[in-house]
Amino acid sequence: QVQLVESGGGLVQAGASLRLSCAASGRTSSSCMAWFRQAPGKEREFVAAIRWSGDRRYYGEFVEGRFFISRDNAKNTVYLQMNSLRPEDTAVYYCAQGLVAERVYSPVQYEYWGQGTQVTVSS
């Protein structure tokens, strides 16, 4: 079984930084880890992805160089460093894992999901 637990969300002012963590249990080396976010009234949006093996990283178009995804295999943890936060970044951020070969940006490709962590950015 796979369990994903997000942490690190909170309330910050515009321009601040946050680092989200996703602790994974039961991972496989072939899995892809991703961050998605969902704001009220909007569909779930791809943020970033990384595999447990390899150096390839993927980012959503809106990131604009502000966010960075990384991993610590020894700790079974994936991180999302978010800098220069804007009010429009306000959303629930979800960690996900799946055996993804293509379309890493599609939430349909991910089998396991955490419960999410709230990020709120004030003006």
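Notes on the structure follow. (Residues numbered from 1 in each chain as written. Predicted model: local features only at pLDDT ≥ 70, side-chain atom pairs only at ≥ 80, totals over all residues. Heavy atoms only, no water.)

Attention now moves to the side chain of R66. Structurally, R66 can be placed in the loop between strand 6 (57-59) and strand 7 (67-72). Apart from the residues lying within four places of it in its own chain, the contact partners of R66 are Q81, M82, N83, S84, L85, R86 and D89. (Helix = DSSP H or I, 4+ residues; strand = E, 2+ residues; numbered from the N terminus. Contact = heavy atoms within 4.5 Å.)

The next point concerns the packing of aromatic side chains. Using the criterion set out here, one finds six aromatic pairs in the structure. Ring geometry for F62 and F67: centres 6.1 Å apart, planes at 85°, overall edge-to-face. In this structure, F62 and F67 share a single accessibility class: buried. An angle of 75° between the planes, with centres 6.5 Å apart, marks the rings of Y94 and W113 as edge-to-face. Taken together, the residues Y94 in strand 9 (residues 91-98) and W113 in strand 10 (residues 112-113) connect sequence positions 19 residues apart. What links up through ring pairs into an aromatic cluster is the set F36, F46, Y94, Y110 and W113. It is R37 that lies over the ring of F62; its NZ or CZ is 3.5 Å from the centre. (Phe/Tyr/Trp six-rings, centres within 6.5 Å; stacked < 30°, edge-to-face > 60°. Buried < 20%, exposed > 50% of the residue type's maximum accessible area, 1.4 Å probe, protein only. Lys NZ or Arg CZ within 6 Å of the ring centre and 35° of its normal.)

As a further point, take the nonpolar core. Judged by nonpolar contacts, the single largest core of 27 residues is most densely connected at M33, W35, V47, F67, L80, M82 and Y93. With four residues, the single largest contributor to this core is strand 3 (residues 18-25). Formed by nine residues, the second largest nonpolar core is a distinct cluster that contains A34, A49, A96 and Y110. (Core = buried A, V, L, I, M, F, W, Y, C linked by side-chain atoms within 4.5 Å.)

This next bit is on the sheet that holds strand 3. Taken together, the four strands give an open sheet; going across it, the order is 1-3-8-7, and neighbouring strands pair in antiparallel fashion. If you trace the sheet from one side to the other, it starts and ends with strand 1 (3-7) and strand 7, each paired once. Geometrically, the sheet is characterised by an average inter-axis angle of 15° between neighbouring strands, direction not taken into account. (Pairing = 2+ DSSP bridges. Axes fitted to C-alpha atoms, helices over the stretch in contact; angles between N-to-C directions.)

Backbone geometry at N76 places phi at a positive 50°, although glycine is not the residue there. Inspection of the secondary structure puts N76 in the loop between strand 7 and strand 8 (77-82). Judged by relative accessible area, N76 falls into the partly exposed class, the value being 24%. Positive phi values are uncommon outside glycine, yet R103 reaches one of about 50°. Look at R103 and you get partly exposed, because its relative accessible area is 49%.

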